[in-house]
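Listed below, chain by chain, are the residues.
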Amino acid sequence: MFKHIEEAVAWIEHQVKFKPKTDLDRMRAAALALGNPQDAYKIIHVGGTNGKGSVVSYISTILNKHMKVGTYTSPYILKFNERIKVNLEMIPDDVLLNYINQMVSFNESFRSTYGETLSFFELVTLIALVYFRDQKVDIVVLEVGLGGLLDATNIVTPIASVITNIGFDHMQQLGNTLESIAYNKLGIVKPGIPLFTSVDNELMPQFETACLEKDSRLYHIHDGLIQIESSEPLQFSYEYHHYETGLQGLYQAKNAALSIAVVNYLFPKIPIRSIKDGIHETVWPGRFEVLSRNPMVILDGAHNRHGIKALINSVQTMYPNRVIHSLFCAMADKETSLMLEMISSISSSVTVTHFEYKRVAELSVLLEQTPHPHKRAIEDPVVAVDTLIKDAKPDDILVITGSLYFVSFIRPYLLNRFNLA
């Protein structure tokens, strides 16, 4: 058994990340052996390509004002414990240590019975589901890990399913077309359970067909229902009410509206004041997070073409005619060439960097893929950040993007540098 949380987290993070599977039998067997903890509370199941974490955070913050809420998200930005929260508070180190130790024993007994161990995400998901049961939460807002159809979280029967949007990401697992990706993500739709989405209009026929087959009501929150009134702070109107969110980036208006629609449908007695306060109080670091104004430093974990497009739209709309310098780092399995092409289109310079992580793209590859005439590679990310800030003029903008893992790595340094820690 582990005595220190660092050892325990290291153990679970070194478990196999992906196991081949054609069904959820293994995960269902594991949950059954643990007493099916997912049946002890209501669940809102949230999937999609981008915006899942923001929507989970909005819904959790609103509901927390009226009930005991469990929240499950991934990946984390500052600390592993962020994945599992009750009433917006991370699972404590000593409690997490205890659950991981239990899971070590359970994993071995599972191997003895079923001939195989569980994957990293299966283990973390089981810990969360059991913890929420033990904490006697009223409701859990559960984020899908990858895809939907065969995701470990998809053993649950929720009171509502949510799909934020569909974009190109994880194509190795989900397919190379928006339709195939949508098919996978629509796997979280359950018979008779409503689906809420803010997916683009061109995919609505596929969503309508899927919901018709499952006899599930479909609610579409599209741009026409949302009126953005101010970009900084972000203020918008939806369903005849005015909202302001502490999260920045124009795309957050749609994420917030989607969250409001879910809450209004499931809990119509929750007062509008609680919803407005929850939207305003929601915190979700690393998503269009402005850490400095002179020069402006924006930290955004966009890691696919859909996310980069949303980032670019927000920067260009909110800060027109400003000089932009970009710092980029990404995982090797992402569309790095395309993302670099997109970010180069709005930048006066592009710097690529690197950090110690097993999936990170090679520095030389990123530099070669960058089409910008003013490009460079700085291997040490701290040196890269310091250099860009030192060289920037007061009115310049530094955009740091490409990966949530990179954002997680560099954010603590930036907080200390700007005395925000």
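Overview of the structure. If you're wondering where the values come from, they're calculated on a predicted model, not measured in any experiment.

Considerations on the overall build of the protein
Here comes step 1: Looking only at helices and strands, the protein has 15 helices and 17 strands in total.
Here comes step 2: Relative to the compact-globule value of 22 Å for 421 residues, the protein shows a C-alpha radius of gyration of 21 Å, a close match.
Here comes step 3: Taken along its principal axes, the extent of the C-alpha atoms in the protein is 60 × 50 × 40 Å.
Here comes step 4: Going through the 421 residues of the protein one by one, you find that 59% of them count as buried.
Here comes step 5: Nonlocal contacts in the protein, meaning residues at least 24 apart in sequence, comprise 72% of its contacts between residues at least 6 apart.
Here comes step 6: Surface accessibility of the protein: about 17,700 Å² in total, with carbon and sulfur atoms responsible for 52%.
Here comes step 7: Averaging the positions of the 38 positive and the 45 negative side-chain charges in the protein gives two centres separated by 3 Å.

Thoughts on the nonpolar core
Here comes step 1: Formed by 63 residues in total, the largest nonpolar core has its most connected members in I44, L63, F196, I221 and Y238.
Here comes step 2: Tallying contributions element by element places helix α9 (residues 252–266) first for this core, with nine residues.
Here comes step 3: Sequence-distant contacts of F196, defined by excluding residues within four places in its chain, comprise A160, S161, V162, I163, Y219, I221, L258, A261, V262 and Y265.
Here comes step 4: Core analysis: the second largest hydrophobic core is formed by 44 residues, V9, W11, A29 and V140 among them.

Here's the deal with the sheet that holds strand β7 (residues 195–197)
Here comes step 1: The eight strands are arranged β4-β3-β2-β5-β1-β6-β7-β8 in an open sheet whose pairing can be described as mixed. Either end of the sheet is taken by a strand with one partner, and the two such strands are β4 (89–90) and β8 (218–220).
Here comes step 2: In terms of strand pairing, strand β3 (residues 84–86) meets β4 through two bridges, oriented antiparallel. When the sheet's bridge partners are listed, V86 is paired in β4 with E89.
Here comes step 3: Across the sheet, helix α3 (residues 52–63) lies against β1 (42–47), β2 (69–72), β5 (139–143) and β6 (160–163), angled at about 170° from β5, the strand it touches most.

Some thoughts on the pattern of salt bridges
Here comes step 1: For the structure shown, the criterion picks out 16 salt bridges.
Here comes step 2: Between R322 and D395 there is a salt bridge; the shortest N-O distance is 3.3 Å. Of this pair, R322 sits in the loop between α11 (305–318) and β14 (324–328) while D395 sits in the loop between α14 (381–391) and β17 (397–401), and the two are 73 residues apart along the sequence.
Here comes step 3: A salt bridge links R359 to D333; the nearest nitrogen and oxygen atoms lie 3.2 Å apart. Linking R359 in the loop between β15 (349–352) and α13 (363–369) with D333 in the loop between β14 and α12 (336–344), this pair joins segments that are 26 residues apart in sequence.
Here comes step 4: Classification of D333 by relative accessible area gives partly exposed; the value is 34%.
Here comes step 5: Because the salt bridges share partners, they merge into one network encompassing R26, E116 and E122.

What to know about the side chain of H354
Here comes step 1: Among the structural elements, H354 can be located in the loop between β15 and α13.
Here comes step 2: We classify H354 as buried; its relative accessible area is 14%.
Here comes step 3: Setting aside anything within four residues of it in sequence, one finds H354 in contact with C329, V360, A361, L363, I378, E379 and P381.

Details of the environment of W284
Here comes step 1: Mapped onto the elements of the fold, W284 is located in the loop between α10 (272–281) and β12 (289–293).
Here comes step 2: Given a relative accessible area of 10%, W284 falls into the buried group.
Here comes step 3: Once the C-alpha coordinates of W284 and F168 are considered, the two residues, 116 residues apart in sequence, prove to be 23 Å apart.
Here comes step 4: The contact partners of W284, leaving out residues within four places of it in the chain, are G53, S54, S57, T73 and L247.

Some words on the pairing of β6
Here comes step 1: Burial along β6 is two-sided: A160 and V162 facing one way and S161 and I163 facing the other are all buried.
Here comes step 2: Looking at chain direction, β1 and β6 are connected through four bridges and run parallel. Following the sheet pairing, H45 is matched in β6 by S161.

Some details on helix α7 (residues 178–185)
Here comes step 1: The complete set of buried residues in α7 reads I181, A182, N184 and K185. Looking straight down α7, one finds that the buried residues subtend no more than 160° of arc, so they occupy a single side.

Comments concerning the packing of aromatic side chains
Here comes step 1: Summed over the entire model, instances satisfying the criterion amount to 16 aromatic pairs.
Here comes step 2: Ring centres of F355 and F409 lie 5.1 Å apart, and the angle between their planes is 35°; on these two criteria the pair is classed as tilted. Here F355, found in the loop between β15 and α13, pairs with F409, found in helix α15 (residues 404–417); they are 54 residues apart in sequence, far enough to count as distant.
Here comes step 3: Since its relative accessible area comes to 4%, F355 is described here as buried.
Here comes step 4: An aromatic cluster of at least three residues, connected via ring pairs, comprises F355, Y357, Y405, F406 and F409.
Here comes step 5: Directly above the ring of F120 sits K17, whose terminal nitrogen or CZ lies 4.5 Å from the centroid.

Side note on the sheet that holds β17
Working definition: the strands of a sheet are paired by backbone hydrogen bonds and lie parallel or antiparallel to each other.
Here comes step 1: Pairing is mixed across the open sheet formed by six strands, whose spatial order is β12-β13-β17-β14-β15-β16. Of all the strands in the sheet, the pair left with one neighbour each is β12 and β16 (375–377). In this sheet, adjacent strand axes meet at a mean angle of 15° when their direction is disregarded.
Here comes step 2: Judged from the three bridges that link them, β15 and β16 form a sheet pairing that is parallel. When the sheet's bridge partners are listed, V352 is paired in β16 with A377.
Here comes step 3: α11 rests against β13 (296–299), β14 and β17 of the sheet, and its axis sits at about 165° to β17.
Here comes step 4: Of the strands in this sheet, β13, β14, β15, β16 and β17 touch α14, which is tilted by about 175° from β14.

Details of the layout of surface pockets
Here comes step 1: Here the second largest pocket defines a volume of roughly 300 Å³.
Here comes step 2: Along its surface, the second largest pocket is lined by 15 residues, and S57, K85, L88, V283 and W284 are the ones closest to its centre.
Here comes step 3: Here the lining of the second largest pocket gets four residues from one element, more than from any other, and that element is α3.
Here comes step 4: The class makeup of the residues in the lining of the second largest pocket is six nonpolar, six polar and three charged.

Conventions and cut-offs
- Residues numbered from 1 in each chain as written.
- Predicted model: local features only at pLDDT ≥ 70, side-chain atom pairs only at ≥ 80, totals over all residues.
- Heavy atoms only, no water.
- Helix = DSSP H or I, 4+ residues; strand = E, 2+ residues; numbered from the N terminus.
- Rg over C-alpha atoms; globule rule 2.2 N^0.38 Å.
- Buried < 20%, exposed > 50% of the residue type's maximum accessible area, 1.4 Å probe, protein only.
- Contact = heavy atoms within 4.5 Å.
- Areas by Shrake-Rupley, 256 points an atom, 1.4 Å probe, with all protein chains shown as cover.
- Lys, Arg positive; Asp, Glu negative; His and termini not counted.
- Charge placed at Lys NZ, Arg CZ, Asp CG, Glu CD.
- Core = buried A, V, L, I, M, F, W, Y, C linked by side-chain atoms within 4.5 Å.
- Pairing = 2+ DSSP bridges.
- Axes fitted to C-alpha atoms, helices over the stretch in contact; angles between N-to-C directions.
- Salt bridge = Lys/Arg side-chain N within 4 Å of Asp/Glu carboxyl O.
- Arc of directions from axis to C-beta.
- Phe/Tyr/Trp six-rings, centres within 6.5 Å; stacked < 30°, edge-to-face > 60°.
- Lys NZ or Arg CZ within 6 Å of the ring centre and 35° of its normal.
- 1 Å grid on protein atoms, 1.4 Å probe; cavity = no way out; pocket = protein on both sides within 12 Å on 5 of 7 lines; lining within 4 Å.
- Points joined across faces, edges and corners; volume = space filled by probe spheres on them.
- Nonpolar A, V, L, I, M, F, W, Y, C, P; charged D, E, K, R; others polar.

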